[in-house]
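Geometric and topological summary
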Amino acid sequence: MAVNKEAYTSILRELQEKNVTLVAVSKTKPVEDILALYELGQRDFGENYVQELVEKAEKLPADIRWHFIGHLQSNKVKYIAPFVHLVHGVDSAKLLQEIEKQGARNQRVINCLLQVYIAKEETKFGLDEAELETLIRQAEEPGKFRHVRISGLMGMASFSDNPDLVRGEFKMLNQLYKQYTGRITEAVQFSRLSMGMSGDYRIALEEGTTMVRIGSLLFGARPSANY
Ligand SMILES: *Cc1c(COP(=O)(O)O)cnc(C)c1O
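Quick summary incoming for the structure in this document. (Residues numbered from 1 in each chain as written. Predicted model: local features only at pLDDT ≥ 70, side-chain atom pairs only at ≥ 80, totals over all residues. Heavy atoms only, no water.)

All right, on to the pattern of salt bridges then. Pairing is possible between side chains of opposite charge, provided their charged atoms come close. Scanning all chains against the criterion turns up 13 salt bridges. A salt bridge links Arg-183 to Glu-133, with the shortest nitrogen-to-oxygen separation between them at 3.3 Å. Placement of the pair is Arg-183 in the loop between α7 (163-181) and β7 (188-194) and Glu-133 in helix α6 (residues 129-140), with a sequence separation of 50 residues. Relative accessible area serves as the criterion here: at 28%, Arg-183 is assigned to the partly exposed category. Accessibility expressed as a relative area gives 18% for Glu-133, which makes it buried. Across the pair Glu-206 and Arg-167 runs a salt bridge, and its minimum N-O distance is 2.7 Å. Placement of the pair is Glu-206 in helix α8 (residues 201-206) and Arg-167 in helix α7, with a sequence separation of 39 residues. (Salt bridge = Lys/Arg side-chain N within 4 Å of Asp/Glu carboxyl O. Helix = DSSP H or I, 4+ residues; strand = E, 2+ residues; numbered from the N terminus. Buried < 20%, exposed > 50% of the residue type's maximum accessible area, 1.4 Å probe, protein only.)

Rendered as structure tokens:
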């Protein structure tokens, strides 16, 4: 399946009006497809699996900003720590500690988004409001994290045909996001809200997202909905 350049151009136009960043989600897609968008100027790409990300990054231009958008296991942080641009799905203190450790080892600050559970479905990862507050409080302790920066929130809405349900979930996430944007410390500096995918990015745009993660509209459908 070829890359849909028309879709890319028109989505980009919609996003640029609102100053929203496009993360092109390239999981399962070959490096040729990534290069096709790269040649049109795209630099932010998102991947869900560590090994796939590392293999692709080795083959592709060094100025690509790689976003890790999957569920990151602590024991795999070390493989992406040297180069990852933004980790979207952080949902535990243990994972933050490991990112801190690997950031220190690589002498860099790794930007992270905390994933908040907003969907009605049981299977989604993420923090609830109380867990979010606890994690942020920990990160606010002076000197606790010098190689991690929590730069915002990420969420996935329900996979639903009901736009009101999805809108309500995005609204809730944006409210939380706004609540924390004023709380600035060394390790906590909110400037990014990552919400919206192929099926719901227009709703996310209306609800104030700053970053959308779009795969199938750009690269075509994937073999399985879960991958
Ligand atoms: C796969 C994936 C996307 C992109 O999904 P599309 O529906 O293909 O746009 C976005 N965010 C996350 C976390 C994903 O896993």
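Enumeration over the complete set of coordinates arrives at three aromatic pairs. With centroids separated by 6.1 Å and ring planes inclined at 45 degrees, the aromatic side chains of Phe-45 and Trp-66 adopt a geometry described as tilted. Of this pair, Phe-45 sits in strand β2 (residues 44-47) while Trp-66 sits in strand β3 (residues 65-68); the two residues are 21 residues apart in sequence, bridging distant segments of the chain. You'll find Phe-45 and Trp-66 in the same group, each marked buried. Between the aromatic rings of Tyr-177 and Phe-190, the centroid separation amounts to 5.8 Å while the plane-to-plane angle is 20 degrees, which identifies the pairing as stacked. In this pair, Tyr-177 sits in helix α7 while Phe-190 sits in strand β7, placing the two residues 13 residues apart along the sequence. Put simply, the rings of Tyr-177, Tyr-180 and Phe-190 pair up and form one aromatic cluster. Across from the ring centre of Tyr-38, 3.6 Å away, lies the NZ or CZ of Arg-43, which sits over that ring. (Phe/Tyr/Trp six-rings, centres within 6.5 Å; stacked < 30°, edge-to-face > 60°. Lys NZ or Arg CZ within 6 Å of the ring centre and 35° of its normal.)

This part takes up the site of the ligand. What surrounds the ligand is a group of 13 residues, the closest being Lys-27, Asn-48, Ser-198, Ser-216 and Arg-222. Ser-198 places a side-chain nitrogen or oxygen 2.5 Å from an oxygen atom of the ligand. Within the side chain of Arg-213, an N or O atom sits 2.8 Å from a nitrogen atom of the ligand. For the ligand, the protein covers 91% of the area, taking 390 Å² as the surface of the free molecule. Each residue belonging to the shell around the ligand can be placed in one class, and the counts come to six nonpolar, four polar and three charged. (Near = heavy atom within 4 Å. Polar contact = N/O pair within 3.5 Å; in protein donor to acceptor, adjacent residues only side chain to side chain. Areas by Shrake-Rupley, 256 points an atom, 1.4 Å probe, with all protein chains shown as cover. Nonpolar A, V, L, I, M, F, W, Y, C, P; charged D, E, K, R; others polar.)

Looking now at the side chain of Asp-91. Looking at where Asp-91 falls in the secondary structure, it is placed in the loop between β4 (86-90) and α5 (93-105). As a buried residue without a salt bridge, Asp-91 has its nearest oppositely charged side chain in Lys-94, at a separation of 9.7 Å. In terms of polar contacts, Asp-91 uses its side chain to reach the side chain of His-71, at 3.5 Å. Ignoring sequence-local partners within four residues, the contact set of Asp-91 consists of His-71, Gln-115, Phe-125, Gly-126 and Leu-127. (Lys, Arg positive; Asp, Glu negative; His and termini not counted. Contact = heavy atoms within 4.5 Å.)

With that out of the way, let us pick up helix α3 (residues 50-59). The complete set of buried residues in α3 reads Val-50, Glu-52, Leu-53, Lys-56 and Ala-57. Down the axis, α3 shows its buried residues gathered within 160 degrees of arc, on one side only. With respect to the buried face of α3, the exposed residues turned more than 90 degrees away are Gln-51, Glu-58 and Lys-59. Buried residues belonging to α3 abut α2 (31-39), β2, β3 and α4 (77-80). (Arc of directions from axis to C-beta.)

Structurally, the α-helix is built with 3.6 residues per turn, so residues lying three or four positions apart point the same way. For helix α1 (residues 5-17), spanning 13 residues, the distance from its first C-alpha to its last is 19 Å, which sits close to the expected 18 Å at 1.5 Å a residue. Those residues of α1 that sit buried are Ala-7, Tyr-8, Ile-11 and Leu-15. Along the axis of α1, the buried positions cluster into a sector of 100 degrees, meaning they face one direction only. Residues Glu-6, Arg-13, Gln-16 and Glu-17 are exposed on α1 and point more than 90 degrees away from its buried face. In the core, the buried residues of α1 are packed alongside β1 (21-25), α2, α8, β8 (211-214) and α9 (216-219). By the N-cap criterion, in which a side-chain oxygen at the helix start approaches the backbone nitrogen of a residue two or three places on, α1 is capped by Asn-4, the distance to Glu-6 being 3.3 Å. Asn-19 lies just past α1 and shows a positive phi near 60 degrees. (Expected span 1.5 Å × (residues − 1).)

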